[in-house]
Amino acid sequence: QLSKITWECGKVEFQEIRTSMGRAITHGDVFGRFYEIFLDSNPKIRPMFSSVDMEKQKALLRQGVNLALMFAEGRAIGQSAMNRLRNSHSKSNSGIEPSMYRYWLDSFMKALAELDPDFDAKLEKEWRAALGKAISHIAGGYDEASTKSA
């Protein structure tokens, strides 16, 4: 369960992470590949996306990953974006159960591993630390009372 995971958020090398993303994008459709992996990672996931425009979703994912990295860096724009996701993904809105985020993170790591030729255990640890901080924040809002997202 995600709430029981302690994310290692020591000194994350954000430039190495961004360079990894650049390599993955250069070698293929990392966001499309992510969704191929993610949608098949758990039987509950594909139905959540049945009426979603996947091209728009891929663009949102790209933006979301960048904002999650900004959040992990402590930047205000990242904090604001992750607060919005925390609200929109809560039980009273999209209802994304905290246990589902591990599938998201594992799927993203698999897509990066396939498309970044320099992806290794050290980079995976960096990615997981950075994205884990944002995921913990989003998942932490699951039970919070919130306003409906527009």
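Residues numbered from 1 in each chain as written. Predicted model: local features only at pLDDT ≥ 70, side-chain atom pairs only at ≥ 80, totals over all residues. Heavy atoms only, no water.

Now for the overall build of the protein. Within the protein, the secondary structure is distributed over seven helices and zero strands. In the protein, the order of α-helices and β-strands from amino to carboxyl end is α-α-α-α-α-α-α. Per-residue burial over the protein gives 43% buried out of 150 residues. Considering only contacts in the protein between residues 6 or more positions apart, those separated by 24 or more positions represent 76%. (Helix = DSSP H or I, 4+ residues; strand = E, 2+ residues; numbered from the N terminus. Buried < 20%, exposed > 50% of the residue type's maximum accessible area, 1.4 Å probe, protein only. Contact = heavy atoms within 4.5 Å.)

Below, the discussion takes up the pattern of salt bridges. By the definition in use, this model includes 16 salt bridges. With a shortest N-O distance of 2.9 Å, Glu-16 and Lys-122 are connected by a salt bridge. Of this pair, Glu-16 sits in helix α1 (residues 14-26) while Lys-122 is found in helix α7 (residues 121-139), placing the two residues 106 residues apart along the sequence. Its salt-bridge partner being Glu-126, residue Lys-122 comes within 3.9 Å of it at the nearest N-O pair. Remark: Glu-126 and Lys-122 occur in helix α7; sequence separation between them is four residues, near one turn of the helix. Here Lys-122 falls in the partly exposed class, since its relative accessible area comes to 44%. Accessibility expressed as a relative area gives 11% for Glu-126, which makes it buried. (Salt bridge = Lys/Arg side-chain N within 4 Å of Asp/Glu carboxyl O.)

This part takes up the packing of helix α4 (residues 54-73) against α7. Two elements in contact, α4 and α7, have axes separated by 8 Å at closest approach and are oriented at 90°. The pairing of α4 with α7 is recorded here as roughly perpendicular in orientation. Every residue of α7 that contacts α4 at Val-65, Ala-68, Leu-69, Phe-71 and Ala-72 is listed here: Trp-127, Ala-130, Leu-131, Lys-133, Ala-134 and His-137. The residue makeup of the contact of α4 with α7, split by class, is nine nonpolar, one polar and one charged. (Axes fitted to C-alpha atoms, helices over the stretch in contact; angles between N-to-C directions. Parallel < 35°, antiparallel > 145°, perpendicular 65-115°, else oblique. Nonpolar A, V, L, I, M, F, W, Y, C, P; charged D, E, K, R; others polar.)

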